[in-house]
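# Structural features, examined
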Amino acid sequence: MESCGSMPGLRGLRLPPAGFLFLLPFLLLLLPAAPAPHRTSYKPVIVVHGLFDSSYSFRHLLEYINETHPGTVVTVLDLFDGRESLRPLWEQVQGFREAVAPIMAKAPQGVHLICYSQGGLVCRALLSVMDEHNVDSFISLSSPQMGQYGDTDYLKWLFPTSMRSNLYRICYSPWGQEFSICNYWHDPHHDDLYLNASSFLALINGERDHPNATVWRKNFLRVGRLVLIGGPDDGVITPWQSSFFGFYDANETVLEMEEQLVYLHDSFGLKTLLARGAIVRCPMAGISHTVWHSNRTLYETCIEPWLS
């Protein structure tokens, strides 16, 4: 019988001492560990709700983000819920500013804003007044960015004796400006009254001179990308093109963003943003106002691509 040292294939091969074989498992422990697989780190997402909303309305959106971007820190701000959302918008801006500032401070790589309906105006004001904001994508979800001029159930509940044609009598008064919805009521037949009385929209649009206009424009232009989402079947935002900075002229003909004076004068930075390719427009038909934040197709098409 041949010994182990003379087995075919091992002839001439010197085997390690038995002591080395005994130590081998312990020596392997001293080797550096294999690098862990790289895990993508996503920027934090901040969600701001709209009129009469609360954080609960965004549970589906939260699920979508957690599914497609696991590990993302998502904060749905619970401020000015329900009827409190009727508070003047500048008061809301201050409250939301205090809430988002510490989130931004902990995210040097930047954050994303998803702002729905009235919340889109709150967020645009935040971008204007916050000198050091670090918003990468501002996603405006069916928001009346150029104002609202339409009879809706909200208006009929708030002002049951008024129609859109005469609501300016309330909204363009000091008393009316205490309601959030009047802060962006934009009557195309009473433009002078709007410009003089609007304490919010006319200011963030740069349509009326004020001492902070230059600083606000500079701040707004810090945003990395502006994503505008809306559609013809919204049923609340009137005209629906307001979600894309379009609006009525005095004949109630809709003029698109590029025809608006705020764009032509670049009063708060829209023209500059478009020139640098930082405006994304994502219109989608077949979606009503209350389901923008729960529609999966809309999320995958218009929101998810910009959550880096």
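The present account deals with the structure reproduced in this document. Just so we're clear, the structure is a prediction, and the values are computed from it rather than from any experiment.

## A few points about the pairing of strand β5 (residues 225–230)
In terms of burial, β5 is a largely internal element, five of the six residues being buried. In this structure, strand β4 (residues 135–141) lies alongside β5, joined through five bridges in parallel fashion. In the strand pairing of β5, S137 is matched with R225.

## What about the state of the cysteines?
If you walk through the whole model with that rule in mind, you get three disulfides. Bridging C115 to C123, the disulfide has an S-S length of 2.0 Å. Given an S-S torsion of about -85°, the disulfide between C115 and C123 has left-handed geometry. Neither residue differs from the other here; C115 and C123 are each classed as buried. In this model, C171 is linked to C182 through a disulfide, with the two sulfur atoms separated by 2.1 Å. On the sign convention where negative is left-handed, the bridge of C171 and C182, at about -60° about the S-S bond, is left-handed. Remark: C182 occurs in helix α7 (residues 180–183) and C171 occurs in helix α6 (residues 168–171); sequence separation between them is 11 residues.

## As for the pairing of β4
A regular strand places its side chains on the two faces of the sheet in alternate fashion. Burial within β4 is extensive, with seven of its seven residues counted as buried. With six bridges connecting them, strand β3 (residues 111–116) and β4 associate as parallel partners. Residue pairing in the sheet places C115 in a bridge with S140 of β4. The parallel pair β3 and β4 is bridged by helix α4 (residues 118–129), and the resulting crossover is right-handed.

## Description of the packing of aromatic side chains
Per the counting criterion, the structure on display carries 13 aromatic pairs. Aromatic side chains F58 and Y116 sit 6.0 Å apart centroid to centroid with 75° between the ring planes, which places their arrangement in the edge-to-face category. Remark: Y116 occurs in strand β3 and F58 occurs in the loop between β1 (45–48) and α2 (59–68); sequence separation between them is 58 residues. For Y116, a relative accessible area of 3% puts it in the buried group.

## Brief notes about the layout of surface pockets
Of the voids in this model, the largest pocket is the one considered here, and its volume is about 370 Å³. Around the largest pocket sit 19 residues that line it, and H186, D191, E207, Q260 and L261 are the ones nearest its centre. Mapped by element, the contributors of at least two residues to the lining of the largest pocket are α8 (191–197), β6 (247–248) and α11 (261–264).

## Observations concerning the side chain of S198
Looking at the secondary structure, you find S198 in the loop between α8 and α9 (201–204). Engagement of the side chain of S198 in a polar contact is seen with the backbone nitrogen of A202, the distance being 3.1 Å. With sequence-adjacent residues up to four places away left out, S198 is seen in contact with Q177, N183, L193, L203 and R208.

## Brief notes about empty space enclosed by the protein
In this approach a probe as big as a water molecule rolls over the atoms, and the regions it shows empty are the leftover space. In this structure the tally under the stated criterion is two cavities of 30 Å³ or more. Space inside the second largest cavity adds up to approximately 60 Å³. Every residue along the wall of the second largest cavity is listed here: S128, L203, I204, G206, H210, A213, W216, R217, S267 and F268. Contributing elements (two or more residues each) for the lining of the second largest cavity: α9 and α10 (213–220). Here the lining of the second largest cavity takes three residues from α10, the largest share from any one element. When its residues are assigned to classes, the lining of the second largest cavity shows five nonpolar, four polar and one charged.

Cut-offs applied
- Residues numbered from 1 in each chain as written.
- Predicted model: local features only at pLDDT ≥ 70, side-chain atom pairs only at ≥ 80, totals over all residues.
- Heavy atoms only, no water.
- Buried < 20%, exposed > 50% of the residue type's maximum accessible area, 1.4 Å probe, protein only.
- Helix = DSSP H or I, 4+ residues; strand = E, 2+ residues; numbered from the N terminus.
- Pairing = 2+ DSSP bridges.
- Disulfide = S-S within 2.5 Å.
- Right-handed = clockwise from strand over helix to strand, strands pointing away.
- Phe/Tyr/Trp six-rings, centres within 6.5 Å; stacked < 30°, edge-to-face > 60°.
- 1 Å grid on protein atoms, 1.4 Å probe; cavity = no way out; pocket = protein on both sides within 12 Å on 5 of 7 lines; lining within 4 Å.
- Points joined across faces, edges and corners; volume = space filled by probe spheres on them.
- Polar contact = N/O pair within 3.5 Å; in protein donor to acceptor, adjacent residues only side chain to side chain.
- Contact = heavy atoms within 4.5 Å.
- Nonpolar A, V, L, I, M, F, W, Y, C, P; charged D, E, K, R; others polar.

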